[in-house]
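# Overview (structure and organization)
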Amino acid sequence: MEIKKIEDGEKLHLTNDGKLSLFFLGVGSAFSKLHYQTNLLIIKGNDHLLIDCGTLAPIALWKYGCPIINISNYLITHSHADHIGGLEEASLMGRYVTRKKPRMIITNEYEHVLWNDSLKGGIKYNEKNGGKGLKFSDVFESVRPEFLGTVPRDNWITSVGSIKIRLFRTMHIPDSLKSWSEAFLSYGVIIDDRILFTSDTQYDPDMIYDFMKLYPIEFIFHDCQFFKGGVH
């Protein structure tokens, strides 16, 4: 595993030599102003996928010389602003600038939640389309992952070109949870059966142990905080 950072003036490219590459747009919390937010860009050959698009993601991408209109594929883990706050810009730039809908890996259940509870208010009323306002399908192309079952917990599989993605339920909010099954919709990701990325989660050791038994996980990027309590 090679770890490197982009130097000042160096541009972020969405293609590489075919090796699996993970680039964190930021490492900050939801309230970070200096370190952006923990949104993860996966690059492999000619394929890329942005996991989460927080409020500061468009700024981070612009800083790295890769404007958000260049991002073609998204996956959203849950509906907090540091994970979805940049989606309105992404969707509207796609509709009115590039005239091309970005693709989003999303379950049917979460699409309804993301649109009705978060995105609709800022997007639906921009224009009338067929006599009605815009819909999710007017600004994003949905890619439905295949549901694999409930063992060890609800999980799905799909791919973006050469990038293999497994999606699974996590235990994030509310703060009184005793099980992932009681949680509001939130997801973690396994990349190419090698990388476990939890996104935001409470202490949930079963998640780690169960998936380590199933797949040859080499690296884990696990949510953490430096104080007790809360939902991380």
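Right above here is the structure, for reference.
In what follows, the accompanying structure is described. Since the structure is predicted, the reported quantities are computational estimates derived from the model, not experimental observations.

## Some details on the environment of Ser-181
Relative to the elements of secondary structure, Ser-181 occurs in the loop between β9 (163-169) and β10 (187-191). Here the alpha-carbon distance between Ser-181 and Ile-163, two residues 18 residues apart in the chain, equals 28 Å. At 3.0 Å, the side chain of Ser-181 forms a polar contact with the side chain of Ser-179.

## Considerations on the environment of Ser-21
For Ser-21, the location among the structural elements is in strand β1 (residues 21-24). With 22 residues separating them in the primary sequence, Ser-21 and Ile-43 have C-alpha atoms 5.1 Å apart. Leaving out residues up to four positions away in the same chain, Ser-21 has contacts with Asn-16, Leu-41, Ile-42 and Ile-43.

## Side note on the side chain of Thr-107
If you trace the backbone, Thr-107 turns up in the loop between β5 (103-105) and α4 (108-123). Given a relative accessible area of 7%, Thr-107 falls into the buried group. Here Thr-107 is in contact with Arg-144, Pro-145, Trp-156, Leu-167 and Tyr-187, once residues within four sequence places are set aside.

## Examining the pairing of β10
In terms of burial, β10 is a largely internal element, five of the five residues being buried. Covered by surrounding structure in β10 are Tyr-187, Val-189 and Ile-191 together with Gly-188 and Ile-190, the residues of both alternating faces. Where β9 and β10 come together, five bridges link them in antiparallel fashion. Paired with Leu-167 across the bridge in β10 is Val-189. Both β10 and strand β11 (residues 195-197) contribute to a ladder of three bridges, which runs antiparallel.

## Structural notes on the sheet that holds β1
Within the open sheet, the six strands sit side by side as β1-β2-β3-β4-β5-β6. Their pairing is mixed. The two strands at the open ends of the sheet, each matched to only one other strand, are β1 and β6 (141-143). Ignoring which end each strand starts from, the neighbouring axes of this sheet average 25 degrees apart. Direction of pairing for strand β3 (residues 47-51) relative to strand β4 (residues 73-75): parallel, over a ladder of two bridges. Within β4, the position partnered with Ile-51 by the bridge is Leu-75.

Calculation rules
Residues numbered from 1 in each chain as written. Predicted model: local features only at pLDDT ≥ 70, side-chain atom pairs only at ≥ 80, totals over all residues. Heavy atoms only, no water. Helix = DSSP H or I, 4+ residues; strand = E, 2+ residues; numbered from the N terminus. Polar contact = N/O pair within 3.5 Å; in protein donor to acceptor, adjacent residues only side chain to side chain. Contact = heavy atoms within 4.5 Å. Buried < 20%, exposed > 50% of the residue type's maximum accessible area, 1.4 Å probe, protein only. Pairing = 2+ DSSP bridges. Axes fitted to C-alpha atoms, helices over the stretch in contact; angles between N-to-C directions.

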